[in-house]
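Summary of structural features
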Amino acid sequence: MYWLLEEVTWEEAKEIIAKADYIILPTGSFEQHGLHLPLSVDNIRADNLVMEVLKRADKYNLKLAKLPTLPYGCSEHHMHFPGTVTLELDTYIRVVTDIGVSMHRHGAKRFLIMNFHGGNIQPLNIAIQLIRMKTGMKTYLIHWTQYARDLIEQWAKPGWGHACEHETSMIMYYRPELVRKEKIVKPKVKTTAPITEFRYFDEITDTGGIGDPTISKPEYAERIIGEVSERILKVLSEALKME
Ligand SMILES: [Zn+2]
């Protein structure tokens, strides 16, 4: 069973939050995705891929409630490309923590962040710690791509990642009209230094993307969505059983 909190009243929300096994916050970003994809790629993935998980909840006997996707993330590394919006790390941590604490105040049992943007991972790890510390509520973080990596690598080339063949295939599948097909090119990617370093994305690639979007196909996305959703649902039910 699942509910979309954005579509219910406060009376309904009261019951749903009390009943739900997990309250889910999808997290995306608003940032450049190369020459051929829109700024909202991570939000389109977040909206649709979390729905894929919700739709399969009954099979795992899970009750899931979803908040609206948080459409802004930590995207400093993309700020040299126009249109990108970034929240500073401390702002982002505070926003996510406030959302978790709000749900706890309404009786949430567990809070789950489902993330779709790499730049959010480090601050989200801090936010889940803060939410747990402030509320005692079980708080989890799932980075979708982590559950998909081996499946993506069955067809994607080494070096996939941002605005690449994986993300392009996803947008071809969910929102094909948003892909500028005539703009798809293989970016020139500069090799990385052998030391950890913060780099802006224009220091890495000429187009804003990496990988090889020229090999993208919507079928590549379609093929893995079910399996990844099931993997995530499995870990969610395992976490419940371990309590
Ligand atoms: Zn992305």
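In what follows, the structure referred to is the one given above.
The following refers to the structure shown. None of these values were measured; they are calculated from a predicted model.

Points about the packing of aromatic side chains
- Counted by the stated rule, this structure contains six aromatic pairs.
- With a centroid separation of 6.1 Å and 70 degrees between ring planes, the pair formed by Phe-30 and Tyr-72 is classed as edge-to-face. On the criterion of sequence distance, the pair formed by Phe-30 in the loop between β2 (22–27) and α2 (41–55) and Tyr-72 in the loop between β3 (64–66) and α3 (89–105) is long-range, its members being 42 residues apart.
- Overall, Phe-30 belongs to the partly exposed group, its relative accessible area being 26%.
- When its relative accessible area of 37% is taken as the criterion, Tyr-72 is described as partly exposed.
- Ring centres 3.9 Å apart and planes at 15 degrees place the aromatic pair Trp-155 and Tyr-220 in the stacked group. Here the residue Trp-155 occupies a position in the loop between α5 (149–152) and α6 (165–174), and Tyr-220 occupies one in helix α7 (residues 218–241), the gap between them amounting to 65 residues.
- Trp-155 sits in the buried class, given a relative accessible area of 12%.

Some remarks on the sheet that holds β2
- With respect to topology, five strands assemble into an open sheet ordered β1-β3-β2-β4-β5, the strand pairing being parallel. The open sheet has two edge strands, β1 (2–4) and β5 (138–143), and neither has a second partner. Strand after strand, the sheet turns through a mean of 20 degrees between neighbouring axes, direction not considered.
- In this sheet, β3 lies alongside β1 in parallel orientation, the contact comprising three bridges. From the neighbouring strand, Trp-3 faces β3, where its bridge partner is Ala-65.

Calculation rules
Residues numbered from 1 in each chain as written. Predicted model: local features only at pLDDT ≥ 70, side-chain atom pairs only at ≥ 80, totals over all residues. Heavy atoms only, no water. Phe/Tyr/Trp six-rings, centres within 6.5 Å; stacked < 30°, edge-to-face > 60°. Helix = DSSP H or I, 4+ residues; strand = E, 2+ residues; numbered from the N terminus. Buried < 20%, exposed > 50% of the residue type's maximum accessible area, 1.4 Å probe, protein only. Pairing = 2+ DSSP bridges. Axes fitted to C-alpha atoms, helices over the stretch in contact; angles between N-to-C directions.

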